[in-house]
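Structural overview
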Amino acid sequence: MCAQIYKEGNRNNPYSFDDYLFVKNHFNYYTDDEFFQALVKKYTGNEFEKIDKELRALSDYVSFRFRDLADKGNELENRIKVTKIKHYDAHNHRIDRIERCAETEILEREIFSLGLFDQNRNSPWSRFTKLFLLYQNSEAGVMCPIACTHGMVWLMQQYEDVLGSESCKILEHVRDGTGEYSNGEYGRGSQFVSEIQGGSDVPSNLVEAVFEEAKGPDGISNCWRVYGQKFFCSAAHTDYAVVTAKPKGTSSSTKIAAFVVPAWLPGNKEKEIRNSYTIDRLKPKLGTAELPTAEITFNGAVAYPIGPLEKGLADIVGIVLSLSRLHIGLGMAGGALRIAREAILYSQFRKAFGIPISSFPLMINQINDLNQAAMRTASGAFKVYSEYIHFGEELIAGIRDLEKIEDITERKRRFRLRELIMLQKIVVCDEAPSLIRMAISFFGGHGIMEDFLSFPRFHRDSMIMELWEGPRNVLLTQIHRDFQRIKEWYPADDFIRDLLEGSDPDKVESYASEFLRIISHDSLLRNDEETLTICSDWQIFSNKLFQAYQELALTELDYQGKPLKFSRLLRKFKKEEKKKKQGVAKAI
Ligand SMILES: Cc1cc2nc3c(=O)[nH]c(=O)nc-3n(C[C@H](O)[C@H](O)[C@H](O)COP(=O)(O)OP(=O)(O)OC[C@H]3O[C@@H](n4cnc5c(N)ncnc54)[C@H](O)[C@@H]3O)c2cc1C
């Protein structure tokens, strides 16, 4: 019959993508993914039943409604909206209003309503697995503020006992969704660290905080106020920002302190009177284009210090940025499962030269590579996060604080987590754009079409993940420096033996000696032949090292499930749909 339809001269070309679309659009990210379920089962222990139930309920939204809202928010006309700002209203009031499309706003409201950081509604594992699920729709203009809010809550919680009354109300709003500042919704956060002269070099920040006794134009006295420009302010539409600034006139005036700055002072949000700052411009971006990223000038914004002024840098890097880096790692891993799934299903559906393209040996290798990379990346993300949960979701701000831990076994394990977070961030982000590019190639020319699939959006977003929260070079340098600082109590080769315990012993030993050789080179900052070679070796080795950790995580999972099969899923979803229709007919 096929030959009949496709015979030459048949002008009514019957070709259709409908079966592929049917399978893709019916696939439930959690309930239809045995691999994801196996990971949840392995790691959540006694909580599995409860979390499994919650994930099934949430996945009914994430896989369909949220997926469509995320796609809609990225359409060209919606992306453009987020680069335009309304500075003044009709009556000459400065308002700096950011307008996003309704779909992104709905998506954000619904995701924040999950109360992910609310201890009464989520445990560490339910929080993580829900985040992993949500990231299957990529950043979508929402997951950046989610990550920033996570960092803000954890930073403020660290100092909960000593927070001032305003900061307590802010914490209550963003974490619990309650209190004086809540209008029945959870507060949303952002983080403004980078300045025009450098994002990597945070100590070079110029933004200043000044303690002012006199009453300001906003009627507030005896408070810290922030002055200066921040150049990359994502999630600029949110309620609060963690802002770094140098506190003037204090013994720590050259150091970086951390502040929470409300976007509007109490009662001013409705009036659109911002907290003494202007949004100068919204940036047009390659990726995460639904997310407003602004250039902001602070002109005396009221700010509340979080933690000791001299500890701001360590807290920002050790807690806030580390959490964002964890998000990037787990987010790219969640996205990888979706990318691999949709690309592999298409390869089994699509035919060329009379056979499914998944049968060509060149494709078979690519499918295996993509599938293996997605599975090890996801397994690695669960394993890294399990270490974070092991320590009660508490991050130690810096090496100095780490060295205060007397128990050497615990100190080493905490150090491994610190390094794993950085390694995961750079390695996953290094791999993601090329994996997505390969997945796009499975679709041939259709892979480039914005309205055919979501991969162009994922690809653009993955380019951003590489850059923010610490570019690759900066983190490679940081890791190398960390090992120099702790070599007295944790030699580099021992670190490898502990990290890869359970892997092939020959491989472990060869990695241990290679890593020791790289770390034994005293600095990556000299321009000589030897350093250039070490830098190049370190770049290559960092990927091999973290991939070995991911492979170990995958082996430990011991997954025995069935591989994806397009025809099986098509039959299953058709049957389910038929049943649903029969159920409706009976009910009528
Ligand atoms: C879309 C987007 C949104 C962002 N949102 C935010 C936000 O909300 N808040 C915020 O604070 N920041 C944000 N950033 C800024 C981001 O964190 C910075 O871009 C990043 O930290 C790098 O800083 P930079 O752009 O100034 O690059 P630079 O610091 O100028 O670095 C340029 C290059 O030099 C390399 N380099 C720097 N130092 C070293 C070194 N020691 N050794 C070797 N190489 C080095 C870097 O790897 C990089 O490749 C955002 C960035 C993007 C792209």
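Throughout what follows, the structure given in this document is the object of discussion. (Residues numbered from 1 in each chain as written. Predicted model: local features only at pLDDT ≥ 70, side-chain atom pairs only at ≥ 80, totals over all residues. Heavy atoms only, no water.)

Some words on the overall build of the protein chain
Put simply, the rule reads: Numbering goes from the N terminus for both helices and strands, where a helix is a DSSP run of H or I of at least four residues and a strand is a run of E of at least two. Residues count as neighbours in contact if any of their non-hydrogen atoms are within 4.5 Å of one another. For this count, His and the chain ends are skipped, Lys and Arg are scored as positive, and Asp and Glu as negative. Each charge is placed at NZ for Lys, CZ for Arg, CG for Asp and CD for Glu.
When helices and strands are tallied, the protein chain shows 19 helices and 11 strands. Excluding contacts between residues fewer than 6 apart, the proportion of contacts in the protein chain whose partners are at least 24 apart in sequence is 71%. Side-chain charges of the protein chain comprise 78 positive and 83 negative groups, with the mean position of each set lying 6 Å from the other.

Re the side chain of Lys-24
Here Lys-24 shows up in helix α2 (residues 18–26). Not counting residues up to four positions away in its chain, the partners in contact with Lys-24 are Arg-67, Glu-342, Phe-452 and Leu-453.

Section: the packing of aromatic side chains
Here is the rule: Ring pairs are drawn from Phe, Tyr and Trp, using the six-membered ring of Trp, whenever the two centres fall within 6.5 Å, and their geometry is named by plane angle: stacked under 30 degrees, edge-to-face over 60, tilted for the rest. Accessibility here uses a 1.4 Å probe with only protein chains present; expressed as a share of the type maximum, an area under 20% marks a residue as buried, one over 50% as exposed, and anything in between as partly exposed. In our convention, an over-ring charge means Lys NZ or Arg CZ found within 6 Å of a ring centre and within 35 degrees of that ring's normal.
Counted according to the given criterion, the structure contains 45 aromatic pairs. With a centroid separation of 6.3 Å and 45 degrees between ring planes, the pair formed by Tyr-61 and Phe-66 is classed as tilted. A residue is classified by how much of its surface remains accessible, and Tyr-61, at 47% relative accessible area, is partly exposed. Ring plane angle 85 degrees and centroid distance 4.8 Å describe the contact between Phe-483 and Phe-495, whose orientation is recorded as edge-to-face. Residue Phe-483 is found in helix α15 (residues 472–485), and its partner Phe-495 is found in helix α16 (residues 492–499); the two are separated by 12 residues along the sequence. As far as burial versus exposure is concerned, Phe-483 and Phe-495 are alike and both buried. Here the aromatic residues Tyr-15, Phe-17, Tyr-20, Tyr-346, Phe-349, Phe-443, Phe-452, Phe-455 and Phe-566 are joined through ring pairs into a cluster of three or more. Sitting above the plane of the Tyr-43 ring, Lys-42 keeps its charged end 5.4 Å from the centroid.

Some details on the site of the ligand
The test is simple: Whether a residue is near a molecule or strand is decided by its heavy atoms; if any one of them lies within 4 Å of it, the residue is near. Polar contacts, as used here, are pairs of N or O atoms within 3.5 Å; protein pairs need one atom able to donate a hydrogen and one able to accept it. Residues neighboring in sequence count only if both atoms are side-chain atoms. In this classification, Asp, Glu, Lys and Arg are treated as charged, Ala, Val, Leu, Ile, Met, Phe, Trp, Tyr, Cys and Pro as nonpolar, and every other residue, Gly included, as polar.
Around the ligand lies a shell of 20 residues, among which Val-193, Ser-194, Gly-199, Ser-200 and Ser-234 are the nearest. Between the ligand and Gly-199 there is a distance of 2.7 Å, counted from an oxygen atom to a backbone nitrogen or oxygen. Between the ligand and the protein, one listed contact pairs a nitrogen atom with a side-chain N or O atom of Ser-234 at 2.8 Å. At the level of secondary structure, the elements contributing two or more residues to the shell around the ligand comprise β3 (189–192), β5 (223–234), α14 (455–467) and α15. Partitioned by chemical class, the residues of the shell around the ligand number 9 nonpolar, 9 polar and 2 charged.

Quick notes on the packing of helix α17 (residues 505–520) against helix α18 (residues 529–557)
As a reminder of what qualifies: Note on geometry: axes are C-alpha line fits, over the in-contact stretch for helices, and angles between N-to-C directions span 0 to 180 degrees. In a left-handed crossing the near helix is turned counterclockwise from the far helix by less than a right angle, and in a right-handed crossing that turn is clockwise.
Running from N to C, α17 and α18 cross one another at 145 degrees; their axes reach a closest spacing of 10 Å. Where α17 crosses over α18, the handedness of that crossing is left-handed. Note on element contacts: α18 touches α17 through Ile-534, Asp-537, Trp-538, Phe-541, Lys-544, Leu-545, Ala-548 and Glu-551, opposite Lys-507, Tyr-511, Glu-514, Phe-515, Arg-517 and Ile-518. Along the lines of polarity and charge, the residues of the contact of α17 with α18 split into 8 nonpolar, no polar and 6 charged.

Things to note about unusual backbone geometry
Here the phi dihedral of Asp-96 falls at roughly 45 degrees; this positive angle occurs in a residue that is not glycine. Assignment of secondary structure puts Asp-96 in strand β2 (residues 94–98). Assessed through its relative accessible area of 1%, Asp-96 is described here as buried. One non-glycine residue, Ala-235, lies in the positive phi region at around 55 degrees.

Focus on a positive patch on the surface
How we decide: Within the patch definition used here, like charges are joined within 9 Å and nonpolar side chains (Val, Leu, Ile, Met, Phe, Trp, Tyr) within 5 Å, considering only residues with over 30% relative accessible area and no salt bridge. Using the Shrake-Rupley algorithm and a 1.4 Å probe, accessible areas are obtained, with residue cover drawn only from the displayed protein chains. Definition used for salt bridges: Asp or Glu carboxyl oxygen within 4 Å of a side-chain nitrogen of Lys or Arg.
Taken together, the side chains of Lys-255, Arg-400, Arg-481 and Arg-485 define a basic patch exposed on the protein surface. Its location among the elements puts Arg-481 in helix α15.

Here's the deal with helix α10 (residues 312–349)
Selection rule: Helix span, expected: 1.5 Å multiplied by one less than the number of residues in the helix.
Helix length check: α10, at 38 residues, gives a terminal C-alpha distance of 54 Å against a target of 56 Å (1.5 Å per residue), a fit within 8%. For α10, a buried count of 34 out of 38 residues is recorded, marking the element as mostly surrounded by other parts of the structure.

Quick notes on α18
With 29 residues, α18 extends 43 Å between its outermost C-alpha atoms, agreeing within 8% with the 42 Å of an ideal straight helix rising 1.5 Å per residue. Looking at the residues trailing α18, positive phi occurs at Asp-558, about 50 degrees.

Quick look at the pattern of salt bridges
Taken as a whole and judged by the stated rule, the model has 52 salt bridges. Note that Arg-225 and Glu-212 form a salt bridge whose closest N and O atoms lie 3.4 Å from each other. With Arg-225 in strand β5 and Glu-212 in strand β4 (residues 208–212), this pair connects stretches of sequence that are 13 residues apart. Taking relative accessible area as the criterion, Arg-225 reaches 2% and is therefore assigned buried. A salt bridge links Glu-394 to Arg-414; its shortest N-O distance comes to 2.9 Å. A residue pair is termed long-range when its members are at least 10 positions apart, and Glu-394 in the loop between α11 (361–390) and α12 (399–402) and Arg-414 in helix α13 (residues 408–442) qualify at 20 residues. Judged by relative accessible area, Arg-414 falls into the buried class, the value being 9%. Here the residues in one salt-bridge network are Arg-100, Glu-105, Glu-108, Arg-188, Asp-239 and Lys-269, joined through shared partners.

Re the side chain of Ser-167
Following the sequence through the fold, Ser-167 ends up in helix α9 (residues 165–176). With residues up to four places along the chain from it excluded, the contact list for Ser-167 reads Met-156, Tyr-304 and Ile-306.

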